[in-house]
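Structure assessment
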Amino acid sequence: MDTTALRNAYGALFDAATLDDLGDAAPGEWDADQVLAHLLSVDAAIAAVALGVVAGARPTFDNRISLNAWNLDRIIAGHAGRGDLIDHVRRQAGILCDVADGLSEADASVLVPALLLSGDTLRLDGPVPLAGLVDGLAEDHVPVHTRQLLDLRAAA
């Protein structure tokens with residue numbers, strides 16, 4: 001797989017995440033730390049799925065844990081501030097990209113049963129090629145959260 005687009009999307013996200021003037025989130029929305037914790041959780045889960053596929057397993061992907069407030073708070077609490085959290089997300093994104101770069105065409109085309117929610121909205125409940133999970137990060141997921149971070153700046 002070619003992860004150039006995903007690496008570029010993460011570059012823009014990290015530029016936004018390191019801005020000094022990120023404000024508070026609107027009620028019911030995520031703040032910058034919650035966005036970063038969510039990304040860390042999603043990236044780790046997709047990397048785990050990809051490694052499982054390479055190992056010959058046929059794992060599933062379910063993003064509900066990456067939306068869970070308790071889990072996001074747990075992830076945030078495990079870091080010494082936003083800078084530490086950003087560094088961890090950066091490392092995890094690098095791991096995910098490195099794993100995806102090493103996928104064979106056959107592995108990238110393996111259908112992964114997936115359950116994807118966005119808030120309370122069901123986005124996908126069915127099989128998706130592993131490459132689709134990774135490409136979806138670059139095409140939609142990371143840019144949406146980059147915009148979310150930039151909107152926090154506008155709210156400051």
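Since the structure is predicted, the reported quantities are computational estimates derived from the model, not experimental observations. (Residues numbered from 1 in each chain as written. Predicted model: local features only at pLDDT ≥ 70, side-chain atom pairs only at ≥ 80, totals over all residues. Heavy atoms only, no water.)

Our next topic: helix H1 (residues 4–17). Its 14 residues place the ends of H1 20 Å apart at the C-alpha level, agreeing with the 20 Å of an ideal helix rising 1.5 Å per residue. Buried within H1 we find Leu6, Ala9, Tyr10, Leu13, Phe14, Ala16 and Ala17. All buried residues of H1 fall inside an arc of 155 degrees around its axis, so they share one side. Facing away from the buried side of H1, by more than 90 degrees, are the exposed residues Asn8 and Asp15. (Helix = DSSP H or I, 4+ residues; strand = E, 2+ residues; numbered from the N terminus. Expected span 1.5 Å × (residues − 1). Buried < 20%, exposed > 50% of the residue type's maximum accessible area, 1.4 Å probe, protein only. Arc of directions from axis to C-beta.)

The next thing to look at is the pairing of strand S3 (residues 121–129). Relative to S3, strand S2 (residues 111–118) runs antiparallel, the two being bridged by 8 bridges. By the bridge assignment for S3, Leu115 is matched with Asp125. (Pairing = 2+ DSSP bridges.)

Here 3 strands make up an open sheet; going across it, the order is S1-S2-S3 and the pairing mixed. Looking at the sheet topology across the chains shown, the edges are occupied by strand S1 (61–62) and S3. Lying on the sheet, helix H6 (residues 130–155) is in contact with S1, S2 and S3; it crosses S3 at an angle near 135 degrees. (Contact = heavy atoms within 4.5 Å. Axes fitted to C-alpha atoms, helices over the stretch in contact; angles between N-to-C directions.)

Its location among the elements puts Val99 in helix H4 (residues 82–101). The class for Val99 is buried, based on a relative accessible area of 16%. Expressed as a C-alpha distance, the spacing of Val99 and Ile46, which sit 53 residues apart in the sequence, is 9.8 Å. Ignoring any residue separated from it by four or fewer positions in sequence, one finds Val99 in contact with Ala47, Ala50 and Leu51.

Take the nonpolar core next. By size, the foremost hydrophobic cluster in this structure holds 47 residues, and its most contacted members are Leu6, Tyr10 and Leu149. Broken down by element, the residue count for this core peaks at 12 residues, all from helix H2 (residues 32–54). Those residues in contact with Tyr10, other than ones at most four positions away along the chain, are Leu39, Asp43, Val89, Ala93 and Val142. (Core = buried A, V, L, I, M, F, W, Y, C linked by side-chain atoms within 4.5 Å.)

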